[in-house]
Amino acid sequence: MFDCLIIGGGVSGVSCALVLGSALEKPFMLDKKIGIITHQKGSMLQDALFNNAYGITPGTLGSDLLLQTTKDLQELYPKIEQIAHEKVVSIVTEADYFLVTTTHTIYESKIVVVAVNSSNPFTIEGCLQPYVIPHRKSLAKKNRIQLANNDHLVFKNAYVAGTLAGHRSQLAIAAGSGAAVATDILTLWNNGIETHAHDSIRKKE
Ligand SMILES: Cc1cc2nc3c(=O)[nH]c(=O)nc-3n(C[C@H](O)[C@H](O)[C@H](O)COP(=O)(O)OP(=O)(O)OC[C@H]3O[C@@H](n4cnc5c(N)ncnc54)[C@H](O)[C@@H]3O)c2cc1C
């Protein structure tokens, strides 16, 4: 049973995983099992070239970011389980947890973060389908979709991040969205007491 399973290994999904990973040494995190399904074939990053994303060296290819970010995640936070080459086909609620079915197997998780981008159609069957709506910040002719949500929360323990949350398609926005979801989950796990994760050259916060 995962405590949190992130679905999608693009910008918002890996950003969420990095922030959760960076908090793993907090006392309330010690028993937490976190995973990320790093399917990347459908990522918007595959064809992208970045000159305008904060902190990213101009000229960086999105395809290189896909490799580098999962490598960084593995090296920095190996406790976060990366599940590659599997695509999620359904998510259903089961008592107080989710059953996440992939092309290979079924996982159980108490929290899901869906970060699979705003491409139409939304191919994950199950409990999230009723929340699929036209993307509110994209041109209608682009036919993008999002999940209805309140500050990334679709319903209890089901979060959405990135362009699928209704954000415009910019790397920095998607990364911020994934990080925002991570800090909401950290705060939830810290009994509702506001939490974030910073490293510092002076001390760990
Ligand atoms: C050609 C192009 C150029 C761009 N140029 C720029 C730019 O110059 N500057 C800028 O700021 N932004 C740019 N962007 C936008 C930026 O890449 C996106 O905003 C960002 O990638 C969105 O992040 P996301 O997490 O929502 O989606 P993604 O990064 O696309 O991540 C979604 C992930 O979910 C995975 N996935 C999908 N379905 C499933 C499933 N069923 N199961 C498991 N995993 C699944 C995908 O494979 C993918 O890895 C560009 C985009 C494109 C397409």
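About the cut-offs
- All residue numbers refer to positions counted from 1 along the written sequence of the respective chain.
- This being a predicted model, a pLDDT of at least 70 is required before a residue's local features are given, and a value of 80 or more before pairs of side-chain atoms are given or counted; all residues contribute to the totals for chains, interfaces and linings.
- Heavy atoms from the whole structure form the basis of all side-chain values; hydrogens and water molecules are not counted.
- Under the DSSP-based scheme used, a helix requires at least four consecutive residues in state H or I and a strand at least two consecutive residues in state E, with every element numbered from the N terminus.
- Multiplying 1.5 Å by the helix residue count minus one yields the expected span of that helix.
- Buried residues are those whose accessible area, probed at 1.4 Å on protein chains only, stays under 20% of the maximum for their type, while exposed residues exceed 50% and partly exposed ones sit between those limits.
- Contacts between residues were defined by any pair of non-hydrogen atoms, one from each residue, lying within 4.5 Å.
- We call a residue near a molecule or strand when any one of its heavy atoms sits within 4 Å of it.
- Any pair of nitrogen or oxygen atoms within 3.5 Å is treated as a polar contact; in protein, a donor-acceptor pairing is required on top of that, and neighbouring residues in sequence qualify only through side-chain atoms on both sides.
- Where accessible areas are quoted, they stem from the Shrake-Rupley method and a 1.4 Å probe; at the residue level, only the protein chains shown are allowed to cover.
- Under the scheme applied, nonpolar residues are Ala, Val, Leu, Ile, Met, Phe, Trp, Tyr, Cys and Pro; charged residues are Asp, Glu, Lys and Arg; polar residues are all the others, including Gly.
- Working definition: rings of Phe, Tyr and Trp (its six-membered ring) pair if their centres are within 6.5 Å, and the pair is stacked with planes under 30 degrees apart, edge-to-face with planes over 60 apart, and tilted otherwise.
- Placement of a positive charge over a ring is assigned whenever Lys NZ or Arg CZ falls within 6 Å of the ring centre and within 35 degrees of the normal to the ring plane.
- As used here, the term nonpolar core means buried Ala, Val, Leu, Ile, Met, Phe, Trp, Tyr and Cys residues forming a set that is joined through side-chain atoms within 4.5 Å.
- What makes a salt bridge here is a side-chain nitrogen of Lys or Arg within 4 Å of a carboxyl oxygen of Asp or Glu, nothing more.
- The rule for pairing is simple: two strands pair if DSSP sees at least two bridges between them.

(A) Representation of helix α1 (residues 11–22). When the terminal C-alpha atoms of α1 are compared, their 17 Å separation across 12 residues agrees well with the 16 Å that a helix rising 1.5 Å per residue should span. With nine of 12 residues buried, α1 is to be regarded as a mostly interior element. Those residues of α1 lying buried are Ser12, Gly13, Val14, Ser15, Cys16, Ala17, Val19, Leu20 and Gly21. Close packing links the buried residues of α1 with β1 (2–7), β2 (34–37), α2 (62–76), β8 (106–114) and α3 (171–189).

(B) Inspection of the site of the ligand at higher detail. Near the ligand lie 30 residues; those nearest to it are Ser12, Met44, Asn52, Thr163 and Gln170. Contacts to the ligand include Ser43, whose side-chain N or O atom sits 3.4 Å from an oxygen atom. Residue Leu49 places a main-chain N or O atom 3.2 Å away from an oxygen atom belonging to the ligand. A total of 1,000 Å² of accessible area belongs to the ligand in isolation, and the protein chains cover 85% of it. Tallied by class, the residues present in the shell around the ligand amount to 13 nonpolar, 14 polar and three charged.

(C) Inspection of the packing of aromatic side chains at higher detail. Going through the model one piece at a time under the given rule, you end up with three aromatic pairs. Taken together, a centroid distance of 5.4 Å and an interplanar angle of 35° make the contact between Tyr131 and Phe155 tilted. Here Tyr131, found in the loop between β9 (125–126) and β10 (132–134), pairs with Phe155, found in strand β12 (residues 153–155); they are 24 residues apart in sequence, far enough to count as distant. Taken together, the aromatic side chains of Phe98, Tyr131 and Phe155 make up a single cluster linked through ring pairs. The ring of Trp189 has Lys32 lying over it, and the distance from NZ or CZ to the ring centre is 5.2 Å. Lys33 extends its terminal NZ or CZ atom over the ring of Phe2, reaching a point 4.4 Å from the ring centre.

(D) Representation of the nonpolar core in the model. Membership of the largest hydrophobic core comes to 26 residues, with the highest contact counts inside it found for Leu20, Val113, Ile185 and Trp189. When near neighbours in sequence (up to four residues on either side) are disregarded, Val113 contacts Cys4, Leu5, Ile6, Ile7, Cys16, Tyr159, Ala161, Val181 and Ile185. Residues Val88, Ile91, Val100 and Cys127 belong to the second largest nonpolar core, which totals 23 residues.

(E) Highlighting the environment of Gln40. Note on placement: Gln40 falls in the loop between β2 and β3 (49–50). Residues Gln40 and Ala197, spaced 157 residues apart in sequence, show a C-alpha to C-alpha distance of 26 Å. Sequence-distant contacts of Gln40, that is, excluding residues within four places in its chain, are made with Gly9, Gln46, Leu66 and Thr70.

(F) The arrangement of the pattern of salt bridges in detail. Applying the stated criterion to the full structure yields four salt bridges. Between Asp3 and Lys110 there is a salt bridge, with the nearest N and O atoms lying 3.5 Å from each other. With Asp3 in strand β1 and Lys110 in strand β8, this pair connects stretches of sequence that are 107 residues apart. Classification of Asp3 by relative accessible area gives buried; the value is 9%. Lys110 gets classed as partly exposed once you look at its relative accessible area, which sits at 41%. With its nearest N and O atoms 3.5 Å apart, the salt bridge here joins Asp31 to Lys32. With a relative accessible area of 17%, Lys32 lands in the buried category.

(G) Quick peek at the pairing of β8. Inspection of the sheet shows β1 paired to β8 by five bridges, in the parallel sense. Each bridged residue has a counterpart across the sheet, and for Phe2 the counterpart in β8 is Ser109. Note that strand β7 (residues 97–102) and β8 share four bridges and pair antiparallel. Residue pairing for β8: Phe98 is matched across the bridge by Ser109. A loop of three residues connects β7 with β8, the two strands running antiparallel in sequence. Here three bridges tie β8 to strand β13 (residues 158–160), and the two strands are oriented parallel to one another. If you follow Val114 over to β13, its bridge partner there is Val160.

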